[in-house]
Amino acid sequence: MLTINLFNGLVYGSLLIVMSSGLALIYGLRRVVNFAHGALYMLGAYIGYSVALHSNFWVALVAAPAVMAVVGVLLDRYGFRLLQDREPLNVMLVTFGLLLILEDVVVFIWGKANYSLFTPELLNFQVNLLGNEVPAYRMGVIAVGATVAVGLTLWLRLSRMGLFVRAASTDPITTSMQGVNTDLISASVVGLGSALAGLAGVVAAPFLSLSPHMSSDVLIDSFVVVVIGGLGSLAGAFVAALLLGMMQSIGAVYMPEVSVLLPFVFMIAILIWKPSGLAGSRT
Amino acid sequence: MSFTRIAMLSLAAIALGLGIAQFTPSSNVLGVLTQAVIYAIFASGVGVLLRQNGLVSFGHALYFGAAGYGMGVVLALDWMPAELAIPVVLLAIGLFAFIIGLVIVRVPGIAFGMLTLAIGQMIYLLASRARGLTGGADGMGINWPSTLFGYSQAALLKPATLFLIAWILMVVVTLALQCILRTRFGTMTEAIRDNEERARFIGITTTLPRAAVYALSAMVTGTAGMLSSLNTGFVSPENLHWSVSGITLVMVVVGGIKRSIGPIVGAMVYILLKDLLGDYATYSMAILGTALIAVIVFSPEGIVGAVERLRIRLRYGPNGPNVHRNSV
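Criteria and cut-off values
- Residues numbered from 1 in each chain as written.
- Chains lettered and ligands numbered in written order.
- Predicted model: local features only at pLDDT ≥ 70, side-chain atom pairs only at ≥ 80, totals over all residues.
- Helix = DSSP H or I, 4+ residues; strand = E, 2+ residues; numbered from the N terminus.
- Buried ≥ 20, exposed ≤ 12 C-beta atoms within 10 Å, placed from the backbone.
- Contact = placed C-beta atoms within 7 Å.
- Pairing = 2+ DSSP bridges.
- Nonpolar A, V, L, I, M, F, W, Y, C, P; charged D, E, K, R; others polar.
- Expected span 1.5 Å × (residues − 1).

(A) Local environment of the overall build of chain B. Across its full length, chain B holds 14 helices and four strands. Principal-axis analysis of the C-alpha atoms places the extent of chain B at approximately 60 × 50 × 40 Å. Within the span of chain B, comprising 328 residues, buried residues form 45% of the whole. Of all intrachain contacts in chain B linking residues separated by at least 6 positions in sequence, the fraction that spans at least 24 positions is 79%.

Rendered as structure tokens:
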């Protein structure tokens, strides 16, 4: 029983890793709290759904993040870059406006009905995990989360571009004075973050249902993750995402009445203890 | 603005309200106007927090709904007469917000917004899952007594009367906020907003005043919730949902945050526009989102700011007055 709960917690935690690493990256570089991230996640899921209906899940798994990457680059070029000298609050509200628009776009194209995506054939079987039968697809979700976490960490720590991203996150002006094209870095990072939101959407589609309201739950959970982890900190977000996933699935069994409150109580407790989050020194 | 000018403006506003109540024949239109005024008060609460503390709340729906739930519970359990319950519930909201505020105003900037979002959403989930008295996701009816302050319910709920009550409350709330914020307390919170560290250096305690502003803004929003619960006789978790907070924040920013009239203008424009759009209401959110982005991009000071700029331009020509205009 406990194993299966821990497992499900890990599954949701992995999804949150994919979502919140995008949020954290964008915040780190652009200092923007991106409300539209939830809408990008939702768009990713719907696009994935449509693509999967016409071809198969694996094409969707590539196509949806690719489309979202383009959307992200455009968002940075014609949104965040033009607004970079504005108050953070104003930019945040622009992304909130974008969220409202994109939610209606989804209703306009796909309607208000709920959909769910079939589990891909290849992963449509059960795996025995310490005496429990678990769907292989969910193992796949954990693998995606782990890949994203490890991949991003390696990219940021070891690659030249990762170095630029870290530099630009710390001090964009000095970084650009050293000859780094920070606009290009920003566009890439926002594109990557948006692609991750799209990826999360496709990955979630077979086990969470698709509806025009699907964005807000995951968005708020990801906000909680990013704030607990420390705004802009990737490692903090990974830890917080796993903690949150575990907390929700274990709470759902042992304290069903209050399980939905746990993430918020946890967040409030962390912020009282450390106002800048687990790993954060920046605000 | 001098006190005489404020007093005259308030009287003019009340006269305007009387006029609208008197000469609007359709009760449907009055209903929409009442709705607009209720949201104007709600938005004033969010606006005062933003203007005075520089803090964005994504969770003020909490206080809007709390007023309804508070009245609903007190009246259902018959703890006290409704006339007493109204101030008691409002004070309770203020006290609750003050205690919450003491903790959360210390969290800087954007994290504050997310924290209010989290607290608001927590209460929303709690209310939608609670069984029993508050009716969970179905909401609860509010058992208003047949007479309130000596007036029969039927008389109070006449569209024109209700509109007038809401309108006068709006004027009174705005006036009260003006008076409170013109004192030393107001100046102090502005100093803290602009530079907390320096304010601390010159010997101002910074947490208490900010928590007080937060409580004040919660009580203003609670007043709107109170009116709404009188208007509809009903409260549900929908009132607490974070999208309500978000939309109200949009009204505040679209109206303009520099002046206390901004949120009121924003709320009126939003509600009336939404009513006019009618048939397109399915996509009203997209329209609202577009308007929000347009205002932020082209006129960051909102409608009121744009009107003011226009007025200055008309008076002094395109180059503006040659004086330092910082009299906000």
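Having seen the structure, we can now continue with the description.
(B) The pairing of strand S2 (residues 132-135) of chain A, seen in detail. Residues and elements named next belong to chain A. In this sheet, S2 lies alongside strand S1 (residues 126-129) in antiparallel orientation, the contact comprising four bridges. By the bridge assignment for S2, Leu129 is matched with Asn132. The antiparallel hairpin formed by S1 and S2 contains two residues in its connecting segment, where Leu130 sits at a positive phi of about 45°.

(C) Region of interest: the interface of chain A and chain B. The interface of chain A with chain B comprises 30 residues on the first partner and 29 residues on the second. Elements supplying a minimum of two residues to the side of chain A that touches chain B: helix H4 (88-110), helix H9 (214-229) and helix H11 (262-273) of chain A. The element best represented in the side of chain A that touches chain B is H4 of chain A, accounting for 14 residues. Here the side of chain A that touches chain B is built from residues that sort into 24 nonpolar, three polar and three charged.

(D) Summary view of helix H3 (residues 61-77) of chain B. Residue and element names in this part refer to chain B. Over its 17 residues, H3 runs 24 Å from end to end, which matches the ideal 24 Å to within 8%, given 1.5 Å per residue. Judged by how many residues are buried, H3 sits mostly within the fold: 14 of 17 residues are covered. Just downstream of H3, Asp78 is the residue with a positive phi angle, here 60°.

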